[in-house]
Amino acid sequence: MESQVFYRKWRPQTLAEVAGQEHVTQTLLNALSSGHISHAYLFCGPRGTGKTSTGRILSKAVNCTSNGKGEPCNTCEMCTAITEGRAMDVIEIDAASNRGIDEIRNLRERVNYAPGKARYKIYIIDEFHMLTKEASNALLKTLEEPPSCVIFILATTEAHKVLPTIMSRCQRFDFRRISQNDIAEKLNQICDSEGIKIEREALNVLAKNSTGSLRDAENLLEKLSTHYGSDINLNQVRDMLGITGNERIKELVEHIVNANITGGIKTINAINSDGFDLKQLNRELIAYLRGLLLLKTGYSNDLDFTPEETVVLAELADKSTVEQILKAI
Ligand SMILES: [Zn+2]
């Protein structure tokens, strides 16, 4: 079990702090300032992209006693209680471990009681798709006529498993994988505050390998700093991740572009004898070639590479043909 100290410590506390989901947070801010609060929200998207954190911030925003029309103040008694997880009116249910209909029945019995201290009683149901069909149907009854002071926030990584009848009663928001740059930016802030010195390239590699999940990236950074202390370099990151490194991949792609078979085999042998996982090499190579293909065909906006990497990629794109890249993939 990972300790997740960084993840908890650096959890966003305002909508503005939620990384890479501006399309969600801006809409929520507009709704908050105009007072158009929905009674049921469905947050869909990959793990570690901020769904539950956004749910908690929203709980604070609607219940904040000093603002209540925008971002939470994070200092009033209500905000503090929610942040510390001791607010009686904000109930978090993990559907992955509470699949049974009993929990929802219990919820249905209690849902009609007015909130204690808060303006709104909030139910945050995580991994919502894991609820049994019976439990989902029971919840549906409540969603059909939600009490005016209750807000449901349903979070799921698998939107297609949510009943259409539930979906249609919720305001849906789709959380995106967080871009490499946004993750690197956030990790950089954490390193600054924690007094960790890390090479920029090492940060980029870390961000790239967390596949859009900020939580994974923060956990990796924590693992690195526990293991190596406050000075982290590229090789340490590669060692921990068991990855090959972009220069090796770049070298291999250069050999492919130049049709240099001997050079290509030499590079692969060197990577193998250094003890790197060849399946991982394959994944990295395909990702790199995909980037090259996108750049070659003019889709430069969709590239999730750092500016430094894009320069190298552009040089390779100039030297190669689309047919060559497709064949290599
Ligand atoms: Zn407050």
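Each value, and the rule that gives it
Residues numbered from 1 in each chain as written. Predicted model: local features only at pLDDT ≥ 70, side-chain atom pairs only at ≥ 80, totals over all residues. Heavy atoms only, no water. 1 Å grid on protein atoms, 1.4 Å probe; cavity = no way out; pocket = protein on both sides within 12 Å on 5 of 7 lines; lining within 4 Å. Points joined across faces, edges and corners; volume = space filled by probe spheres on them. Helix = DSSP H or I, 4+ residues; strand = E, 2+ residues; numbered from the N terminus. Nonpolar A, V, L, I, M, F, W, Y, C, P; charged D, E, K, R; others polar. Donors = N, O, S within 2.8 Å, 3.2 Å for Na, K, Ca; no water. Tetrahedral: all angles 85-135°; square planar, octahedral: opposite > 155°, others 65-115°. Buried < 20%, exposed > 50% of the residue type's maximum accessible area, 1.4 Å probe, protein only. Domains from an automatic or database assignment. Buried area = accessible area lost by both parts, 1.4 Å probe. Salt bridge = Lys/Arg side-chain N within 4 Å of Asp/Glu carboxyl O. Polar contact = N/O pair within 3.5 Å; in protein donor to acceptor, adjacent residues only side chain to side chain. Core = buried A, V, L, I, M, F, W, Y, C linked by side-chain atoms within 4.5 Å. Contact = heavy atoms within 4.5 Å. Pairing = 2+ DSSP bridges. Axes fitted to C-alpha atoms, helices over the stretch in contact; angles between N-to-C directions. Phe/Tyr/Trp six-rings, centres within 6.5 Å; stacked < 30°, edge-to-face > 60°. pLDDT = per-residue confidence, 0-100.

### A closer look at the layout of surface pockets
Step number 1: Taken as a whole, the second largest pocket encloses approximately 460 Å³ of empty space.
Step number 2: With four residues, helix α3 (residues 51-63) is the largest single contributor of residues to the lining of the second largest pocket.
Step number 3: In the lining of the second largest pocket, the residues fall into nine nonpolar, seven polar and 10 charged.

### Digging into the coordination of the zinc ion
Six octahedral donors around a metal ideally make angles of 90 or 180 degrees; four tetrahedral donors ideally make 109.5 degrees.
Step number 1: Taken together, Cys-64 (SG), Cys-73 (SG), Cys-76 (SG) and Cys-79 (SG) make up the full set of protein donors to the zinc ion, lying 2.3 Å away.
Step number 2: Note that the zinc ion binds four donor atoms; their angles at the metal cover 100 to 119°, and the shape is tetrahedral.
Step number 3: Read from N- to C-terminus, the donor residues coordinating the zinc ion fall into the pattern C-x8-C-x2-C-x2-C.
Step number 4: Exposure remark for Cys-79: the relative accessible area of 0% places this residue in the buried category.

### Remarks on the domain arrangement of the protein
Step number 1: Here the domain parsing of the protein yields domain 1 (5-174), domain 2 (180-241) and domain 3 (246-328).
Step number 2: On a C-alpha basis, the centroid separation for the pair domain 2 and domain 3 is 23 Å.
Step number 3: Both faces considered, domain 2 and domain 3 share a buried interface measuring about 750 Å² in area, 31% of it formed by carbon and sulfur atoms.
Step number 4: Area buried by domain 2 at its contact with domain 3 is led by Gln-180, Lys-208 and Arg-238, which between them contribute 52% of it.
Step number 5: Run the count over domain 2 and domain 3 and you get zero salt bridges.
Step number 6: Taken together, the links from domain 2 to domain 3 amount to zero residue pairs in polar contact (both at pLDDT 80 or more).
Step number 7: Listed by contribution, the elements that provide at least two residues to the side of domain 2 that touches domain 3 are α8 (180-194) and α9 (200-208).
Step number 8: Looking at the side of domain 2 that touches domain 3, the element that brings in the most residues is α9, giving three residues.
Step number 9: Considered class by class, the residues forming the side of domain 2 that touches domain 3 number no nonpolar, four polar and three charged.

### As for the nonpolar core
Note on soluble globular proteins: their nonpolar side chains tend to be buried together.
Step number 1: Counting residues in each nonpolar core, the largest one holds 28 residues, and the members touching the most others are Leu-28, Tyr-41, Phe-43, Ile-122 and Ile-153.
Step number 2: For this core, the secondary structure elements donating two or more residues are α2 (22-34), β1 (40-44), α3, α4 (77-83), β3 (121-126) and β4 (150-156).
Step number 3: Excluding residues that lie within four positions of it along the chain, Leu-28 makes contacts with Leu-15, Tyr-41, Phe-43, Thr-54, Leu-58 and Phe-173.
Step number 4: Counting 25 residues, the second-largest nonpolar core is a separate cluster that includes Ile-125, Ala-138, Phe-152 and Leu-154.

### Some words on the sheet that holds strand β5 (residues 171-174)
Strand pairing in a sheet relies on backbone hydrogen bonds, with the paired strands running either antiparallel or parallel.
Step number 1: Here we have five strands laid out as an open sheet, ordered β2-β3-β4-β1-β5, and parallel in their pairing. Strands with a single pairing partner mark the edges of an open sheet, and in this sheet they are β2 (90-94) and β5. On average, each strand axis in the sheet is inclined to that of its neighbour by 15°, with strand direction left out of account.
Step number 2: As paired elements, β1 and β5 share four bridges and run parallel to each other. When the bridges of β5 are listed, Leu-42 appears paired with Arg-172.
Step number 3: Most of the contacts of helix α5 (residues 101-110) go to β3, to which it runs at about 170°, and overall it touches β2, β3 and β4.

### A few points about the packing of aromatic side chains
Step number 1: One pass over the full model with this rule turns up five aromatic pairs.
Step number 2: For the ring pair Tyr-41 and Phe-43, a centre distance of 6.2 Å and an interplane angle of 50° mean the geometry is tilted.
Step number 3: In this structure Phe-43 comes out as buried when scored by relative accessible area, which is 0%.
Step number 4: Between Phe-43 and Phe-175, the ring centres sit 5.1 Å apart and the planes meet at 50°, which makes this aromatic pair tilted. Within this pair, whereas Phe-43 is found in strand β1, its partner Phe-175 is found in the loop between β5 and α8, the two being separated by 132 residues in sequence.

### Examining the pattern of salt bridges
Proximity of charged atoms lets side chains of opposite charge pair with each other.
Step number 1: Throughout the structure, instances matching the rule amount to 10 salt bridges.
Step number 2: In this structure, Glu-194 engages Lys-9 in a salt bridge whose closest nitrogen and oxygen atoms are separated by 2.6 Å. With Glu-194 in helix α8 and Lys-9 in helix α1 (residues 5-9), this residue pair connects regions lying 185 residues apart in the sequence.
Step number 3: Since its relative accessible area comes to 26%, Glu-194 is described here as partly exposed.
Step number 4: Between Arg-169 and Glu-144 there is a salt bridge, with its nearest N and O atoms 3.7 Å apart. Linking Arg-169 in the loop between α7 (164-167) and β5 with Glu-144 in helix α6 (residues 133-144), this pair joins segments that are 25 residues apart in sequence.
Step number 5: Residue class for Arg-169 comes out partly exposed when judged on its relative accessible area of 35%.
Step number 6: The partly exposed category is assigned to Glu-144, whose relative accessible area is 42%.

### Considering the confidence of the model for the protein
Step number 1: Scored by pLDDT, the protein comes out at a mean of 89, with 97% of its residues at no less than 70.
Step number 2: At the level of individual helices and strands, the protein shows its lowest average pLDDT in α5, which scores 78, and its highest in β1, which scores 97.

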